[in-house]
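Observations on the model geometry
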There are 2 protein chains.
Amino acid sequence: MAAHELLRDHGVHVTAQRLAVLRAVSSRPHCTAENIVETAKDEIGTISRQSVYDTLNTFVEKGLVRRIQPTGSPALYEDRVGDNHHHLICRDCGRVVDVDCSVGAMPCLQAANDNGFEIDEAEVAYWGRCPECKTSTLEKTASNHNH
Amino acid sequence: MAAHELLRDHGVHVTAQRLAVLRAVSSRPHCTAENIVETAKDEIGTISRQSVYDTLNTFVEKGLVRRIQPTGSPALYEDRVGDNHHHLICRDCGRVVDVDCSVGAMPCLQAANDNGFEIDEAEVAYWGRCPECKTSTLEKTASNHNH
DNA sequence: GACGACTTTTTGACAGAGTCCAAGTTGAGC
DNA sequence: GCTCAACTTGGACTCTGTCAAAAAGTCGTC
Ligand SMILES: [Mn+2]
Ligand SMILES: [Mn+2]
Ligand SMILES: [Zn+2]
Ligand SMILES: [Zn+2]
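Calculation rules
Residues numbered from 1 in each chain as written. Chains lettered and ligands numbered in written order. Predicted model: local features only at pLDDT ≥ 70, side-chain atom pairs only at ≥ 80, totals over all residues. Heavy atoms only, no water. Donors = N, O, S within 2.8 Å, 3.2 Å for Na, K, Ca; no water. Tetrahedral: all angles 85-135°; square planar, octahedral: opposite > 155°, others 65-115°. Helix = DSSP H or I, 4+ residues; strand = E, 2+ residues; numbered from the N terminus. Buried < 20%, exposed > 50% of the residue type's maximum accessible area, 1.4 Å probe, protein only. Contact = heavy atoms within 4.5 Å. Salt bridge = Lys/Arg side-chain N within 4 Å of Asp/Glu carboxyl O. Polar contact = N/O pair within 3.5 Å; in protein donor to acceptor, adjacent residues only side chain to side chain. Pairing = 2+ DSSP bridges. Axes fitted to C-alpha atoms, helices over the stretch in contact; angles between N-to-C directions. Near = heavy atom within 4 Å. Nonpolar A, V, L, I, M, F, W, Y, C, P; charged D, E, K, R; others polar.

On to the coordination of the zinc ion (ligand 4), then. Residues and elements named next belong to chain B. The protein atoms that coordinate the zinc ion (ligand 4) are Cys-90 (SG), Cys-93 (SG), Cys-130 (SG) and Cys-133 (SG), at distances of 2.2 to 2.4 Å. Angles of 102 to 115° at the metal separate the 4 donor atoms of the zinc ion (ligand 4), which places the site in the tetrahedral class. Along the chain, the residues donating to the zinc ion (ligand 4) fall in the pattern C-x2-C-x36-C-x2-C. Of this pair, Cys-90 sits in strand 3 (residues 86-90) while Cys-133 sits in helix 5 (residues 131-145), placing them 43 residues apart in sequence. Here Cys-90 and Cys-133 have matching classes, each one buried.

One frequent convention defines the size of an interface as the accessible area lost when the parts assemble. Contacts between the two partners involve 38 residues from chain B, matched on the other side by 37 residues from chain A. In this assembly, chain B and chain A are joined by 6 salt bridges. Salt-bridge contacts for Arg91(A) lead to Glu121(B); the nearest nitrogen and oxygen are separated by 2.9 Å. Linking chain B with chain A are 17 residue pairs in polar contact (both at pLDDT 80 or more), by the criterion used here. Sort the elements by how many residues they give to the side of chain B that touches chain A and strand 5 (residues 118-129) of chain B lands first, with 12 residues.

Read from one edge of the open sheet, 6 strands run 4(A)-3(A)-5(A)-5(B)-3(B)-4(B), paired in mixed fashion. Either end of the sheet is taken by a strand with one partner, and the two such strands are strand 4 (96-99) of chain A together with strand 4 (96-99) of chain B. Sheet twist, expressed as the mean angle between neighbouring strand axes with direction ignored, is 25°.

Before going further, it helps to spend a moment on the coordination of the zinc ion (ligand 3). All names here are of chain A. Surrounding the zinc ion (ligand 3) are the protein donor atoms Cys-90 (SG), Cys-93 (SG), Cys-130 (SG) and Cys-133 (SG), which sit 2.2 to 2.4 Å from the metal. One way to put it: the 4 donor atoms around the zinc ion (ligand 3) meet at angles of 103 to 115°, and that makes the site tetrahedral. Judged by its relative accessible area of 0%, Cys-130 falls in the buried class.

Taken together, 19 residues surround DNA strand C, and among them Gln50(A), Tyr53(A), Thr15(B), Arg18(B) and Ser48(B) come closest. With respect to DNA strand C, the side chain of Thr15(B) contributes an N or O atom lying 2.7 Å from a phosphate oxygen. Listed by contribution, the elements that provide at least two residues to the surface near DNA strand C are helix 4 (49-62) of chain A together with helix 2 (16-27) and helix 4 (49-62) of chain B. Among the elements that take part in the surface near DNA strand C, helix 4 of chain B stands out by supplying 4 residues, more than any other. Per-class residue counts for the surface near DNA strand C are 5 nonpolar, 11 polar and 3 charged.

Close contacts around DNA strand D come from 19 residues, with Thr15(A), Gln17(A), Ser48(A), Arg8(B) and Gln50(B) the closest. The share of sugar and phosphate among atoms of DNA strand D within 4 Å of the protein is 71%. One of the side-chain N or O atoms of Ser51(A) is found 3.3 Å from a phosphate oxygen in DNA strand D. A distance of 2.9 Å separates a phosphate oxygen of DNA strand D from a polar atom in the backbone of Val14(B). Elements that contribute at least two residues to the surface near DNA strand D include exactly helix 2 (16-27) and helix 4 of chain A together with helix 4 of chain B. Here the element with the most residues in the surface near DNA strand D is helix 4 of chain B; it accounts for 4 residues.

Throughout the structure, instances matching the rule amount to 22 salt bridges over all chains. Between Arg66(B) and Glu78(B) there is a salt bridge; the shortest N-O distance is 3.9 Å. Taken together, the residues Arg66(B) in strand 1 (residues 66-68) and Glu78(B) in strand 2 (residues 76-78) connect sequence positions 12 residues apart. By relative accessible area, Glu78(B) is classed as buried at 2%. Each of the salt bridges in this network shares a partner with another, and the network as a whole consists of Arg80(A), Asp83(A), Asp98(A) and Asp100(A).

Before going further, it helps to examine the pairing of strand 3 of chain B. All names here are of chain B. In terms of burial, strand 3 is largely enclosed, as 5 of its 5 residues are buried. Burial along strand 3 is two-sided: His-86, Leu-88 and Cys-90 and His-87 and Ile-89, pointing in opposite directions, are all buried. One ladder, built from 4 bridges, connects strand 3 with strand 4; its direction is antiparallel. The residue of strand 4 that forms the bridge with Ile-89 is Val-96. In this structure, the hairpin formed by strand 3 and strand 4 is closed by a connection of 5 residues, where Gly-94 is found at a positive phi of approximately 80°. Looking at chain direction, strand 3 and strand 5 are connected through 4 bridges and run parallel. Residue pairing across strands places His-87 opposite Ala-125, the latter belonging to strand 5.

Shown next as structure tokens:
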């Protein structure tokens, strides 16, 4: 669907700023609000920081964009919504990678015991170290042993 | 085990501040650093915010305390560690409830595709609405219909 | 017990992310 | 064209959390 219709269908006015923010989020998943300010500025010349924050909040509210907030990182945004996917996050460099739900579609919504809660989302963050950071540590260890 | 030995065994000096922070975390699971500052002050008279943060960081590092960071909330601390349990979180009131891992012991560490990451923790947050908040909404809806 | 190296605490400043104003301007949509 | 929504500008402000330097405390050793 064209971006223009996407916005209309979600009941928000179509503006140059909103189109630019949407494209920025699409072009670089898991980016920060600051990243988006820069990308959008490159595209349409100027956009205020406030406008980017307002737009992102609107998009998240309307379900156009998803926000994740890993510990120690500013909020990250992506346009992959509604598929209940999860994230691998590197403790060393902060890299974020998508990972499909291991159980299937909307399955992990089943907690062992829901305690009477009405659950609508299962958010899973897999913490660890990415291939690059694993390698660089190994190298460091090796060189330490070598002298 | 007495708190005193617990600290020694984890290789940290025993201080009044650390004992107070540990007790604060134990007495009220899933509380914020600010909560802990207040609780600890009530107990030992004075303690600096910095000291609470330092202590919590040390405790997390040493595995004495676990930190969780739900989206949109400051970090929360608990003394239930090493059992890979998860959390139910109410979108309305922020209530946090423990829930055992539905898959068993350390199972959800298995992502569908680890992308070469070395995963050491799977943090699962089940989002929804707690029984109390469900009820209060129902009541509101009912009363709206009644006039 | 007292000493002394080392760790912890205190204090106050500071940083990062994000929100909230407010007033004026621009722009979208009917 | 009119009306209401969205954007800009600039600053103040909140909330979490960290940094740095000086003061105080812990604990192994004498
Ligand atoms: Mn993603
Ligand atoms: Mn818990
Ligand atoms: Zn990495
Ligand atoms: Zn609730």
